[in-house]
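# A structural walkthrough
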Amino acid sequence: MTEPVLEASALSKQFGGLSAVSDVSLILRMGEVQAVIGPNGAGKTTLINMLSGDLAPSAGSIRLDGREIAGLSADRVARLGIGRSYQKTNIFPDLTLVENCRLAAQARLPSSMRFFRPALDHRAPLEGATRALARVGLAEPWDRLAGRVSHGEQRQLEIAMTLATEPKVLLLDEPLAGMGAEESEQMVALIARLAEGHAVLLVEHDMDAVFSVATTLTVMVNGRVLERGTPAAIHESAAVQEAYLGSAEPLP
Amino acid sequence: MVAPSPLVRALLLVGLAALALYPLVGSAFYLQLLAKIMILAIFAMSLDLLVGFAGLVSLGHAAFFGVGAYALMLLSPDYAAASLWLSLPIAIAAAAIAALVIGALVLRTSGVYFIMVTLAFAQMLFYFAIKSRALGGSDGAYIYVKPDATILGWRPFDLGNRVHFYYVALALMVATYVLLRTVLRSLFGHVIQGIRANEPRMRALGYPAFRYKLAAFVLAGALAGLAGYLSAAQYGYVNPELFGWQESGSVLMMVILGGIGTLFGPILGAFVLTLLQDFLSDEAIFHGFHKHWLLPMGIFVVLAVLLLPRGIGGLALGPRRSAVEATDD
């Protein structure tokens, strides 16, 4: 087995008296897709926010390639190689598709404190942008305004922007949110392809998608890990069915 | 970024040509007024970098205008000229350092708090200038001799000459415009505009937003310092009002009325507001009513904001694209 890329141990997050995440550990390796599932309020997005640096954990450690990153700012974490996408589409609607990705790829440059040469004369970000757009399979032309393309395309753009920053770890927060059946299918195929060269952590409500694409599932309930295992094992787990569906009905 | 269309560019060039030729026919009074306006245009463009492109609405931008002006006063010997080539860089650097210190504090806030805190810092400088004997207190202080442009025994122009001063102001206004256009097209320019549009997303992409906003704040402060220096050089006089909130408010008005985030708009705003004020307070035209020039001015501002939500510069940008109707095509 390959070395872990991302290793979270005993992560907890308290908001005042509320324990959003308690004692969650996770090991993510290159080339795998893991998924976190659980009912609303289980703490999935809080977990992602801690891993991405948007929230500082109340306790626990996060190691990226063996280096402690818990408590670092979101931009530091991003530059160290953790990219995230958002549950709610979070793009620049007034920029074109390629400009969105170019701006994302520009973050890979050592510094953008460059005041004179036109940004478009820097080739690397532009090339990174077109690579990312091609990889997610966004249809050309790419000079369309991001605010004017379809919802499905905006979700693809969201992933492309994250890819353009060339992360090792991809944190995808409900990439299928609001997508139609056909679009979902394409997105699932894309996520499977992204496993090559990335460690992918997926938070998703769509059970069919999760079971088809992830190799390891973590089930969270009330901020804690209830169960972890292969899709088949989770499918059989009585505890999961009890907690997740509130009854002993088998999962679909 | 909204780049000026070919038509706007052509109109700007016509305006520039008119300004360049004006001294051939203009009166001394209007030469001085136009030079003042061009200095204010530099000030307004520097604020547009913050308000229109970095999304930082500052109500204390006069702080740096004042620092530039007072720096020239302090650097000028009592009855002799300061060297332009020495005093101008020092004045700009002083304004930049003031912006670095103030920016490092105020940029930790945002929104309404940012507006209030920038105002508070400018007011602190205002009261400091009033209380400080070295700065001339509430009476202000005179700069008896304009800065001298002699360099290595050669004197390319004389700031004491009205026409020369006019052309220096014009050249610096154009240089400021070109500099800011260049900066906005650069990697840095794209980052600050991204931060204005969506700061959390920029951080998630890996940009340390605070540093970029601070750099924009320092650049804007330095250019405001340049404008303040020129203003002090023109009138040979500084007083605490230069730091005042009226000054910050009136330059913000030029930016808003001219067109936020257009860069050429604030230039138009500086011209329209100052010329209108000059016209409305002209006793020869309005007889006794000229004393109440603020009343028609206020009505004009209200109408302009209602009828031209994107400012005068917005007129040149054509009808607003609607994202909603556009999705149908």
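Residues numbered from 1 in each chain as written. Chains lettered and ligands numbered in written order. Predicted model: local features only at pLDDT ≥ 70, side-chain atom pairs only at ≥ 80, totals over all residues.

## Looking at the sheet that holds strand 6 (residues 82-85) of chain A
All names here are of chain A. As a reminder, the rule being used: Two strands are counted as paired when DSSP detects at least two bridges linking them. Secondary structure follows DSSP: runs of H or I at least 4 residues long count as helices, runs of E at least 2 residues long count as strands, and numbering of each begins at the N terminus. Every axis in this analysis is a line fitted to C-alpha atoms, fitted for helices over the stretch in contact. Angles between the N-to-C directions lie between 0 and 180 degrees. Any residue pair is listed as a contact if its two C-beta atoms, each placed from the backbone, are within 7 Å.
Strand order in the open sheet made by the 6 strands is 6-7-8-3-9-10, with mixed pairing throughout. Each edge of the open sheet carries a strand with a single partner, namely strand 6 and strand 10 (224-229). The mean inter-strand angle of the sheet, taken between neighbouring strand axes irrespective of direction, is 20°. With 5 bridges joining them, strand 7 (residues 169-173) and strand 8 (residues 199-203) adopt parallel strand pairing. Bridge pairing links Leu170 to Val200 in strand 8. Against the sheet, helix 1 (residues 44-51) contacts strand 3 (33-37), strand 6, strand 7, strand 8 and strand 9 (216-221), and its axis sits at roughly 150° relative to strand 7. Sitting on the sheet, helix 6 (residues 181-194) is in contact with strand 3, strand 7 and strand 8, with an inclination near 150° to strand 8.

## Regarding unusual backbone geometry
All names here are of chain A. Here is the rule: Counting other C-beta atoms within 10 Å of its own, a residue is labelled buried from 20 upward, exposed at 12 or fewer, and partly exposed in the gap between, with every C-beta atom placed from the backbone.
With an omega of 0°, the peptide bond running from Glu140 to Pro141 counts as cis. With respect to the helices and strands, Pro141 occurs in the loop between helix 4 (123-136) and helix 5 (151-164). If you check the backbone angles, Asp23 has positive phi at about 55° while not being a glycine. Along the chain, Asp23 turns up in strand 2 (residues 18-29). Asp23 gets classed as partly exposed once you count the C-beta atoms within 10 Å, which come to 14.

## What about the environment of Met50(A)?
Residue and element names in this part refer to chain A. Mapping Met50 onto the fold places it in helix 1. Considered as a pair, Met50 and Gly17 are 33 residues apart in the sequence and their alpha carbons are 18 Å apart. With near-sequence residues (within four places) excluded, Met50 lies in contact with Leu11, Lys13, Leu55 and Pro57.

## Quick notes on the nonpolar core
The line we're drawing: For our purposes the nonpolar core covers buried Ala, Val, Leu, Ile, Met, Phe, Trp, Tyr and Cys residues that link as a set through C-beta atoms within 7 Å.
Judged by nonpolar contacts, the single largest core of 180 residues is most densely connected at Cys101(A), Ala160(A), Ala44(B) and Ala95(B). Ranked by residues supplied to this core, first place goes to helix 9 (residues 209-235) of chain B with 17 residues. In contact with Cys101(A), not counting residues within four places along its chain, are Ala129(A), Ala132(A), Leu133(A), Ala160(A), Met161(A) and Ala164(A).

## A word on the confidence of the model for chain B
In plain terms, the rule: For every residue, the pLDDT score states the predictor's confidence, bounded by 0 at the bottom and 100 at the top.
Within chain B, residue pLDDT values average 91, and 95% of them lie at 70 or more. On the interface metric, ipTM, the complex scores 0.91, and its pTM is 0.92.

## Remarks on the interface of chain B and chain A
Going by this rule: Amino acids are sorted into nonpolar (Ala, Val, Leu, Ile, Met, Phe, Trp, Tyr, Cys and Pro), charged (Asp, Glu, Lys and Arg) and polar (every other residue, Gly among them).
Taken together, the contact pairs 23 residues of chain B with 27 residues of chain A. Of all elements in the fold, only helix 6 (162-185), helix 7 (187-197), helix 8 (199-205) and helix 15 (323-326) of chain B reach the threshold of two or more residues within the side of chain B that touches chain A. Broken down by element, the residue count for the side of chain B that touches chain A peaks at 7 residues, all from helix 7 of chain B. Its residues placed into classes, the side of chain B that touches chain A shows 12 nonpolar, 8 polar and 3 charged.

## Here's the deal with the packing of helix 4 (residues 84-106) of chain B against helix 9 of chain B
What describes two packed helices is the angle between their axes and the distance between those same axes. Residues and elements named next belong to chain B. Stated formally: These descriptions rest on fixed angle ranges, namely under 35 degrees for roughly parallel, over 145 for roughly antiparallel, 65 to 115 for roughly perpendicular, and the rest for oblique. In this scheme, a crossing is called left-handed if the near helix is turned counterclockwise away from the far one by less than a right angle; it is called right-handed if the turn is clockwise.
At their nearest, the axes of helix 4 and helix 9 sit 7 Å apart, and the two run at 140° to each other. Classified by the interaxial angle, the pair formed by helix 4 and helix 9 is oblique. The crossing of helix 4 and helix 9 is right-handed. When helix 4 is examined against helix 9, the residues Leu88, Ala91, Ile92, Ala94, Ala95, Ala96, Ala98, Ala99, Leu100, Gly103 and Ala104 are found in contact with a partner set consisting of Leu214, Phe217, Val218, Ala220, Gly221, Ala222, Ala224, Gly225, Leu226, Gly228 and Tyr229. For the contact of helix 4 with helix 9, the class distribution of residues is 18 nonpolar, 4 polar and no charged.

## Some thoughts on helix 6 of chain B
All names here are of chain B. The following threshold applies: Multiplying one less than the number of residues by 1.5 Å gives the expected span of a helix.
Helix length check: helix 6, at 24 residues, gives a terminal C-alpha distance of 35 Å against a target of 34 Å (1.5 Å per residue), a fit within 8%. Along helix 6, the residues classified as buried are Phe165, Tyr166, Val168, Ala169, Leu172, Met173, Thr176, Leu180, Val183 and Leu184. Each element contacted by the buried residues of helix 6 is listed here: helix 2 (28-53), helix 7 and helix 9.

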